[in-house]
There are 2 protein chains.
Amino acid sequence: MQALIFDLDGTLIDTVYAHVFAWQRAFAENGLAIDGWRIHRRIGMSGGLAARAAARELGREINAAQEEVLLKRHSELFRKFLPERRPLPGAVEMLRTLRAQKVPFGIATSGSRPEIDLSLETLGIGTETVVIERRDVKRAKPEPDLFLACQQKLGVPVGECYVVGDAVWDLLAARRAGMLSVGLLSGGYGENELLAAGAYRVYRDAADLHRSLDELGVLP
Amino acid sequence: MQALIFDLDGTLIDTVYAHVFAWQRAFAENGLAIDGWRIHRRIGMSGGLAARAAARELGREINAAQEEVLLKRHSELFRKFLPERRPLPGAVEMLRTLRAQKVPFGIATSGSRPEIDLSLETLGIGTETVVIERRDVKRAKPEPDLFLACQQKLGVPVGECYVVGDAVWDLLAARRAGMLSVGLLSGGYGENELLAAGAYRVYRDAADLHRSLDELGVLP
């Protein structure tokens, strides 16, 4: 296997629970009180898709203007709740190993700039790394577009790329893209949920994956 | 089966993600940056046990004074982040059915008064209902003390009580108490995690359980 395509939130950086809680408050402020666990299970999808799906759980439909209000308020609350960013254990070290071993890798995230800039900076990811964000493609996860755009920019065949993600949406999108996927527990899904969504292997976090790069055939 | 013993947070009331995030900020403010998912998987244990276990994940030990600081700060942040309480779907209706059908039930929570008062009030639980809280027993979940104290106060044999909870700690404590347990997904665990911890049945939330009380042999 030649290359790795990483999800960002919950995979490399510890932001999932801040996102869940920011969404929950943004929904509640707008008269849409939604259970935390239902929001959690939507994280990693496109924000717009998540907002519409969550509203549908209440038997409501939201229009484009309401969706825009929710996305904006989520973004404000997220920055307020979590002013700093923290890499998940092993993430920085793993990326350093991949660079040193000249293993191609990229980032493919449902998040957008400038919201993701601080996460990328915290992880030491600069302009030399391929980063595909929400606005670079028409449709976010679970559509395969983000992963396919990343793979094309890396110039590695689909069958030679692993997707690494913490959410079922990453793993489902990877299958649509024809790629094998690796699940991490660091986004708060259970192991069996990730396996049921098609993960080839599941590790606890980036540190655990880092130690296992040889068994995946990424390092010799 | 004669009686039901309910956990509170994540089972009847939508507080799990606010608790996770309040713990995460309380830890971070005290120099203990801990992954959200590791905190999530400790919710429902005694607060002191959770704080010590979380610190241990960082290879640190905390003393009683530090534990007290963390518990106090968590409690402050929790009230700040979540000023109101919201019952989980179906919870209020299910308790109403149990009262109408004269099915004995009680609450057994790792939380303490006065922090839980607003949750109980929101659910319409008054002094007529048996409520066992953290301070009523020596040891909280996953020890069986809370459930056994509730069962004794209800005056129903152990083998005739179901425990209903959202966390593996509820289900593990139920087995220690010699009780069957029902898992709910509303705390954000995966179904297989709850089954692996010994759940007799798993439902999505209180509304789903409410519809299934006959198949559990609680209602005729």
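Calculation criteria
Residues numbered from 1 in each chain as written. Chains lettered and ligands numbered in written order. Predicted model: local features only at pLDDT ≥ 70, side-chain atom pairs only at ≥ 80, totals over all residues. Axes fitted to C-alpha atoms, helices over the stretch in contact; angles between N-to-C directions. Helix = DSSP H or I, 4+ residues; strand = E, 2+ residues; numbered from the N terminus. Parallel < 35°, antiparallel > 145°, perpendicular 65-115°, else oblique. Left-handed = near helix turned anticlockwise from the far one by under 90°. Contact = placed C-beta atoms within 7 Å. Nonpolar A, V, L, I, M, F, W, Y, C, P; charged D, E, K, R; others polar. Pairing = 2+ DSSP bridges. Buried ≥ 20, exposed ≤ 12 C-beta atoms within 10 Å, placed from the backbone. Right-handed = clockwise from strand over helix to strand, strands pointing away. Domains from an automatic or database assignment. Core = buried A, V, L, I, M, F, W, Y, C linked by C-beta atoms within 7 Å. Least-squares fit on C-alpha atoms with pLDDT ≥ 70 in both.

K.L.:
So what about the packing of helix α1 (residues 16-29) of chain A against helix α4 (residues 64-81) of chain A? Which residues, and what values?
P.N.:
Residues and elements named next belong to chain A. The contact between α1 and α4 brings their axes to 8 Å, and the two run at 130°. For the element pair α1 / α4, the angle class is oblique. Viewed along their axes, α1 and α4 form a crossing whose handedness is right-handed. Along the contact surface, α1 presents Ala18, His19, Phe21, Ala22, Trp23, Arg25, Ala26, Phe27 and Glu29, while α4 presents Leu70, Arg73, His74, Leu77, Phe78 and Phe81. Here the contact of α1 with α4 is composed, by residue class, of ten nonpolar, two polar and three charged.

K.L.:
Outline the packing of α1(A) against helix α1 (residues 16-29) of chain B, listing residues and values.
P.N.:
Where α1(A) meets α1(B), the closest approach of the two axes is 10 Å, and the angle between their N-to-C directions is 130°. With respect to α1(B), the axis of α1(A) lies oblique. Judged by the sense of rotation from one axis to the other, the crossing of α1(A) with α1(B) is left-handed. Note on element contacts: α1(B) touches α1(A) through Tyr17(B), Ala18(B), Val20(B), Phe21(B) and Gln24(B), opposite Tyr17(A), Ala18(A), Val20(A), Phe21(A) and Gln24(A). A per-class count over the contact of α1(A) with α1(B) returns eight nonpolar, two polar and no charged.

K.L.:
Break down the sheet that holds strand β3 (residues 130-132) of chain B for me, citing the residues and quoting the values.
P.N.:
Residue and element names in this part refer to chain B. Pairing in this open sheet of six strands is parallel, and the strands run β3-β2-β1-β4-β5-β6 from one edge to the other. Edge strands, defined here as strands with exactly one partner in the open sheet, are β3 and β6 (201-203). Ignoring strand direction, the axes of neighbouring strands in this sheet form an average angle of 25°.

K.L.:
Go over the interface of chain A and chain B, please, and point to the residues and values.
P.N.:
One frequent convention defines the size of an interface as the accessible area lost when the parts assemble. In this complex, chain A contributes 23 residues to the contact, which on the side of chain B involves 23 residues. Within the residue set of the side of chain A that touches chain B, elements represented by two or more residues are α1, α2 (36-40) and α9 (191-196) of chain A. With six residues, α1(A) is the single largest residue contributor to the side of chain A that touches chain B.

K.L.:
How would you sum up the pairing of strand β5 (residues 180-184) of chain A? Please name residues and give values.
P.N.:
Residue and element names in this part refer to chain A. Where burial is concerned, most of β5 is hidden: four out of the five residues are buried. As paired elements, strand β4 (residues 161-165) and β5 share four bridges and run parallel to each other. Bridged to Tyr162 within β5 is Leu180. Between the parallel pair β4 and β5, the chain is carried across by helix α8 (residues 168-177), and the sense of this crossover is right-handed. Considered for its hand, the β-α-β crossover made up of β5, α9 and strand β6 (residues 201-203) is right-handed.

K.L.:
Outline the environment of Gly36(A), supporting the account with residue identities and numerical values.
P.N.:
When you line up the elements, Gly36(A) lands in helix α2. With 90 residues separating them along the chain, Gly36(A) and Gly126(A) place their C-alpha atoms 34 Å apart. The contacts of Gly36(A), once residues within four sequence positions are left out, are Val20(A), Gln24(A), Asp14(B), Val16(B), Tyr17(B) and Gly188(B).

K.L.:
Break down the domain arrangement of chain A for me, with residues and values.
P.N.:
Residues and elements named next belong to chain A. Looking at chain A, the domain boundaries give domain 1 (3-14 + 85-210) and domain 2 (16-81). The interface is formed by 14 residues belonging to domain 1 together with ten residues belonging to domain 2. Here the residues of the side of domain 1 that touches domain 2 sort into four nonpolar, four polar and six charged.

K.L.:
Tell me about the nonpolar core, residues and numbers included.
P.N.:
Counting residues in each nonpolar core, the largest one holds 146 residues, and the members touching the most others are Leu4(A), Ile5(A), Phe147(A), Leu4(B), Ile5(B) and Phe147(B). With residues up to four places along the chain from it excluded, the contact list for Phe147(A) reads Ile5(A), Ala108(A), Val163(A), Ala173(A), Ala174(A), Ala177(A) and Met179(A).

K.L.:
Residue-level account of the relation of the copies chain A and chain B, with values.
P.N.:
Each copy of the sequence occupies a distinct position, and chain A is placed on chain B by a rotation of 180° and an axial shift of 0.0 Å, giving an RMSD of 0.0 Å. Read as a symmetry element, the transformation amounts to a two-fold axis. When C-alpha distances to the rotation axis are compared across chain A, the minimum falls at Gly190(A), with a value of 2.5 Å. A shared interface surface links the copies, since 100% of the contact residues of chain A are contact residues in chain B too.

K.L.:
Please give an account of the sheet that holds strand β1 (residues 3-6) of chain A that cites residues and values.
P.N.:
All names here are of chain A. Here we have six strands laid out as an open sheet, ordered β3-β2-β1-β4-β5-β6, and parallel in their pairing. Each edge of the open sheet carries a strand with a single partner, namely β3 (130-132) and β6. Strand-to-strand twist of the sheet, defined as the mean angle between neighbouring strand axes without regard to direction, takes the value 25°.

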